[in-house]
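Coordinate analysis (summary)
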Amino acid sequence: MIRRLGICVLVAACGLRFGAEQGLHASTPDELFAKANGAYVENRFEEAAGTYETILKYGLKDPRVLYNLGNAYFKMGRLGPAILNYERGLRIDPADAEARDNLELARGRIRDRVPEAEIPFPIAVVQGMLRIAPPDRVAVLFLLTYFIAAVLGGALVLARSEFRRRALGYALLASAVLVVLSASGLTITVRMNLEPFGIVMQDRVDVRSGPAEDNTVLFTVHEGTRLQLRGRREGWYQVSLPNALSGWIPASSVEPV
Amino acid sequence: MRRPRGLTGLLPALALILAAPVAAPFAQGITVRAQAQPTRVNDGDEVHLAVEISGESLDQVAPPDTSQIEDFQIIGGPSTSTRFQWVNGRTSSSRTYSYVLRPRHVGTLTIPSLGVLVRGQTFRTRAIEIEVAQGGGLRSPVAPPPAGSLQGGGQVPAPPGGPRPGSRRPGSPAASAEVRVRSEIDAPAVYVGQQLTLRVFLDTQTQILNLGLQDPPTFPGFWAEEIKVPENLEVKRVQIGNDAFNEYTLMKRALFPTSTGLLTIPPITYQIQVRRLSQDPIESFFFTPTETVVRRTEPVSITVLLLPSAAKPAGFSGAVGSFNLSVTADRSSSQVNDAIGVKVRIGGEGNLNSVSASPLPELSDFKQYAPKVASSSTIQNDRLRSEKVWDYVLIPLAPGAQTVPPIAFSFFDPRTKAYRVITSPPIPIQVARGPDRSGIATPAMSQSDVRQVRQDVHYIKLAPHGLVDRSRPFHRSSLFAFLVMMPVLVDVGLLVYARAQRDPTHAGRRLRRERRARSRARRRLKEARRRLSPATSRAFYAAVAQALTEYVADKFDTAAAGLTHQRIEELLAGGGAADALRADFHRALEACDYARFAPTSSIEEEMRRTLQSAERILVALERSLYG
């Protein structure tokens, strides 16, 4: 609440400056959001995208803003920024089916087709479940199992009868297994969310064998392609694709998700 | 029957004498000679070979056998000419076979002696040596003059090694015909898919007797459509330089480039039989001296441009030209399930072969069958005009005011160098309910799957309750950390509390002893199990009895030493143990005592049963005491 109040104050302060420059009279994120939506409805996608970007500049990350921004860029035909914002929105809310649909639609229109790496079926199922599970929900699930285990532990401390102690002991063991599973799920979800990925933002970019222009061009990627960022050195990203292709790309041509 | 010896020797001699006057005129009257010009040439130049047969009568003369010529390629001929002479009451005639040769390599080459069959008798020419040098190395002093006016016109340069247009036959008093072919295109640069018209002309100063293509023409990189030319070639008089020519249009093609870049139309080669110009008036008047010449066009290069990518309309059909669109329906009102015919016609100047997509989109309120597509093309003023017609059958599925929506067709107009999108007006169709008045299409006839016809992103989202900052996830919040720590603190507090309750008083000791009763009894039974053998039966039974007795003593916080069966019975009854359980307990103890103090031959099976019985009793007591 305090944070949100701070954002409002910040937006109000900045809004005066931006309002003077761009004719914006909105001063809160909600008003800016409504204004951007109005521009979108009237097919003024460039103006809508600019206003959504303004909201994000203030540090407020609502997945709906990112989703709508992705839509505005999609309508402008800029698939790179569209995919980037859909990806960012899905990191906050992986359960957003509409954002996932739009992301798939945008990905289907980019130039590059990169085959996904083969993942064994059971692992793919678990990954699929965790990929669409919001980290907040997994955290709540973990807390739930954790509380149950804690209650059982407390009861065990207080139990006098051998029978009760034994029953509580088994229940505690089972709940401990659940706690471990949910904690693992939370860890995987968080790690997946923190995986360093980037989206190519230029029409075409050569991927080179080293972090300098005079290195050999290994392959070329195009706008909207998703790259795994494996390292960074002096204005270059070391990137790789799921099909094991890897190389170096100028940092200015890719935007981290 | 003996024949006189002298007569036998005379017969062959007589036959020779009789035959001589008959054969002699042929052998003496026929002369065959070959002449080649020039005898010194450069590599790639032509050599003209003339084989002349002269005699009084040339009615049974076969062409020379040229199969022996190996150092030269015969690229023209044979053309024949016949000449008659009448001198002092005697007639003589000569026939000349002319060839155009091209040397196969450099060096001193030989035209071998050629055989000519005249009235069944073979006459041979003499061999001729030709000196062939590398290009530019030799200049023959007797080389025929270049075909001045034609070469100078620059329209038909001779292909390397090919016959030179207008070249004259050496050794012949008559000049060969001035004949050439040339090709023209109507534009040096076109867009991909745009029509390019190729015309091939024949310019001649002599009479053309026959002509034909040496090879079928090819147009790599083009889709070609033939433009018919009249069978009787039309002639036009043209002036080229100082000379007047008859111009014939031999071929016309509408070409449509299918790829971009610099494309080349290869040479087109014709074999043309022409009337040779003869300086001999008798030959010209009475006979038709002919000559077969080979002529080819020059390769033509065309720059094919890519269609501009800027402002390319979505769903561009790929058509290039100038087209119009019409959409008609065979009726403006119908009933549910009553078919309507809709005809979409696209036509105009250009090629529609690349247009394959159905112009009518899927309509939600009509069932649509696959259209019947017909295409046709005609040539008007040497331009290809195409027409494509889609015949649709639409079945209305719902009553009301329906509409066949506007249909858009996009093409590139090379004249304006811009894309154009033409759109038909919507066609309103009033659909009445069917005869059953239900207004619902019968499933068997018209039910169809709902299909998505276009794709777009889901619509934007609203925030009726305001935006929420979710930049910091829950698992990284202080609340999450507090909720994780809280149960730990609570459990630790409980543990401390429980320990605090565990005081050193009698009650505390009793509680601890009671909790340990089960584990102690279990240890005793484990010890008994180790002694499960007839040899150690006394120790076994003592351990079992001790386990049972000590369990009761621990549970009820009393000394095991002073416990009698009577006292145990009382304690168990007070603890709430069932009668049957107490009886089992009693029997087990008695069995142990009996075995310990009145030992008999104990068997292992009996001991195992006692042990199992004791275990069951202890489990049952654990459940029932203070249960």
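Below is a short write-up of the structure. (Residues numbered from 1 in each chain as written. Chains lettered and ligands numbered in written order. Predicted model: local features only at pLDDT ≥ 70, side-chain atom pairs only at ≥ 80, totals over all residues. Heavy atoms only, no water.)

Right, let's get into the interface of chain A and chain B. Size of an interface, as often reported, equals the accessible area lost when the parts are brought together. Each partner contributes to the interface: chain A provides 51 residues, whereas chain B provides 33 residues. Roughly 3800 Å² is buried in total at the junction of chain A and chain B, and carbon and sulfur atoms are behind 61% of that figure. Of all residues in chain A, the largest losses of buried area upon contact with chain B belong to Arg64(A), Tyr146(A) and Val157(A), amounting jointly to 13% of the total for that side. Counting the contacts that link chain A with chain B gives three salt bridges. Notably, a salt bridge pairs Lys461(B) with Glu98(A), separated by 3.9 Å at the nearest N-O pair. At the surface where chain A touches chain B, the tally comes to 16 residue pairs in polar contact (both at pLDDT 80 or more). Looking at the side of chain A that touches chain B, the elements that each hand over two or more residues are α1 (2-22), α2 (29-41), α3 (45-57), α4 (63-75), α5 (79-92), α6 (97-107), α8 (135-158) and α9 (162-193) of chain A. The biggest single contributor to the side of chain A that touches chain B is α8(A), with 13 residues. In terms of residue class, the side of chain A that touches chain B is built from 28 nonpolar, seven polar and 16 charged. (Contact = heavy atoms within 4.5 Å. Buried area = accessible area lost by both parts, 1.4 Å probe. Salt bridge = Lys/Arg side-chain N within 4 Å of Asp/Glu carboxyl O. Polar contact = N/O pair within 3.5 Å; in protein donor to acceptor, adjacent residues only side chain to side chain. Helix = DSSP H or I, 4+ residues; strand = E, 2+ residues; numbered from the N terminus. Nonpolar A, V, L, I, M, F, W, Y, C, P; charged D, E, K, R; others polar.)

Together, Arg166(A), Arg522(B), Arg523(B), Lys526(B) and Arg530(B) line one region of the surface with positive charge. One can find Lys526(B) in helix α6 (residues 506-530). (Patch = residues over 30% accessible without salt bridge, like charges linked within 9 Å, V, L, I, M, F, W, Y side chains within 5 Å. Areas by Shrake-Rupley, 256 points an atom, 1.4 Å probe, with all protein chains shown as cover. Lys, Arg positive; Asp, Glu negative; His and termini not counted. Charge placed at Lys NZ, Arg CZ, Asp CG, Glu CD.)

Empty space within the largest pocket amounts to approximately 1100 Å³. Lining the largest pocket are 35 residues, with Arg107(A), Glu116(A), Arg131(A), Phe197(A) and Arg226(A) sitting closest to its centre. Taken together, the elements giving at least two residues each to the lining of the largest pocket come down to α5, α6, α7 (121-131), α9 and β4 (226-233) of chain A. In terms of residue class, the lining of the largest pocket is built from 17 nonpolar, seven polar and eleven charged. Considered as a void within the structure, the second largest pocket measures approximately 580 Å³ in volume. Along the wall of the second largest pocket there are 25 residues; nearest its centre are Lys61(A), Arg88(A), Arg91(A), Ile92(A) and Ser471(B). (1 Å grid on protein atoms, 1.4 Å probe; cavity = no way out; pocket = protein on both sides within 12 Å on 5 of 7 lines; lining within 4 Å. Points joined across faces, edges and corners; volume = space filled by probe spheres on them.)

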